[in-house]
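A structural walkthrough
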Amino acid sequence: MKNSFRFVGKFLKLVCFGIVPFMLLSGGSKVGVTNNELDDGTCSFSINGRTNFHIDGFASFKRITEPDNFGNIADKLVLSFSDCDTNKMHNLEIVIASTNTDDVGVSVGKHKIKNIHCLINRFSGVYGFADLSEVGELPFFVKSGDVIIKESISNKVDGNLEVQLENANGESLNVKGSFNALIKV
């Protein structure tokens, strides 16, 4: 009987003074998630203009390599963003095109928006459009700004964008945020 009391006593001491403190210490404190950290396949954009709102949504991309009519090769990275809220139709698409023959694909770094006043032949730069139901029926086109690609691997593209959009009536919107896009299959 004494041996069983000793065993139970030692067991309780081990649990109380050994295992419980270890579990409490190993849990540690959790670091808060900042707005810059996104799950894979998501985007978070603030939109400011006549109407201010926020888009938290899905992000995907696809890579396209295609020759034009003159045989010049263009590498394109097509980024697509849409709102998670099914009641709202918010879509934004950005195309980064590169005709640089030194690099394969679209490179990591800052890509400037280029104004397009003619057909897109041998175009190297960034262009895009947005269909945002919150601000009306007219589509918006990317007018100025930058897209920064921080990481680009085979199945994931991370980055930030800060662009100005404009519609046919001259209304403008500023879009700023970050994305973590997964490859579109």
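The present account deals with the structure reproduced in this document.

Parameters at a glance
- Residues numbered from 1 in each chain as written.
- Predicted model: local features only at pLDDT ≥ 70, side-chain atom pairs only at ≥ 80, totals over all residues.
- Heavy atoms only, no water.
- Pairing = 2+ DSSP bridges.
- Helix = DSSP H or I, 4+ residues; strand = E, 2+ residues; numbered from the N terminus.
- Phe/Tyr/Trp six-rings, centres within 6.5 Å; stacked < 30°, edge-to-face > 60°.
- Buried < 20%, exposed > 50% of the residue type's maximum accessible area, 1.4 Å probe, protein only.
- Polar contact = N/O pair within 3.5 Å; in protein donor to acceptor, adjacent residues only side chain to side chain.
- Core = buried A, V, L, I, M, F, W, Y, C linked by side-chain atoms within 4.5 Å.
- Contact = heavy atoms within 4.5 Å.

Considering the pairing of strand S8 (residues 156-166)
Examined bridge by bridge, strand S7 (residues 140-153) and S8 share 11 bridges and lie antiparallel to one another. Residue Gly 145 lies in a different strand from S8, and its bridge partner there is Val 163. A loop of 2 residues connects S7 with S8, the two strands running antiparallel in sequence. Here S8 runs beside strand S9 (residues 172-183); their pairing, made up of 11 bridges, is antiparallel. Among the inter-strand pairings, Glu 166 is bridged to a residue of S9, identified as Ser 172.

Describing the packing of aromatic side chains
Taken as a whole and assessed by the stated rule, the structure comprises 2 aromatic pairs. Here the aromatic rings of Phe 45 and Phe 81 are separated by 5.0 Å at their centres, their planes lie at 85°, and the arrangement is edge-to-face. You can see Phe 45 sitting in strand S1 (residues 42-48) and its partner Phe 81 sitting in strand S3 (residues 73-83), a full 36 residues away along the chain. Residues Phe 45 and Phe 81 agree in their burial class; the two are buried. Their ring planes at 55° and their centres at 5.2 Å tell us that Phe 81 and Phe 179 sit as a pair that is tilted.

Observations concerning the environment of Asn 180
Residue position: Asn 180 is located in strand S9. For Asn 180, a relative accessible area of 7% corresponds to the buried category. As for Asn 180 and Phe 61, which are separated by 119 residues in sequence, their C-alpha atoms are 9.6 Å apart. A polar atom in the side chain of Asn 180 sits 3.2 Å from the side chain of Asp 158.

A few points about the pairing of S1
Burial analysis of S1 places 5 of its 7 residues in the buried class, which makes it a mostly covered element. The pairing of S1 with strand S2 (residues 53-67) spans 6 bridges and is classified as antiparallel. Among the inter-strand pairings, Cys 43 is bridged to a residue of S2, identified as Gly 57. Between the end of S1 and the start of S2, which pair antiparallel, lie 4 residues. Relative to S9, S1 is paired through 7 bridges, and the arrangement is antiparallel. Paired with Asn 48 across the bridge in S9 is Asn 174.

Digging into the nonpolar core
Ranked by internal contacts, the top residues of the largest apolar core, which has 31 residues, are Leu 79, Phe 81, Ile 94, Val 147, Leu 165 and Phe 179. Taken together, the elements giving at least two residues each to this core come down to S1, S2, S3, strand S4 (90-98), strand S6 (125-132), S7, S8 and S9. Among residues more than four places away in sequence, those in contact with Phe 81 are Cys 43, Phe 45, Phe 58, Ala 59, His 90, Asn 91, Leu 92, Ile 94, Leu 161 and Phe 179.

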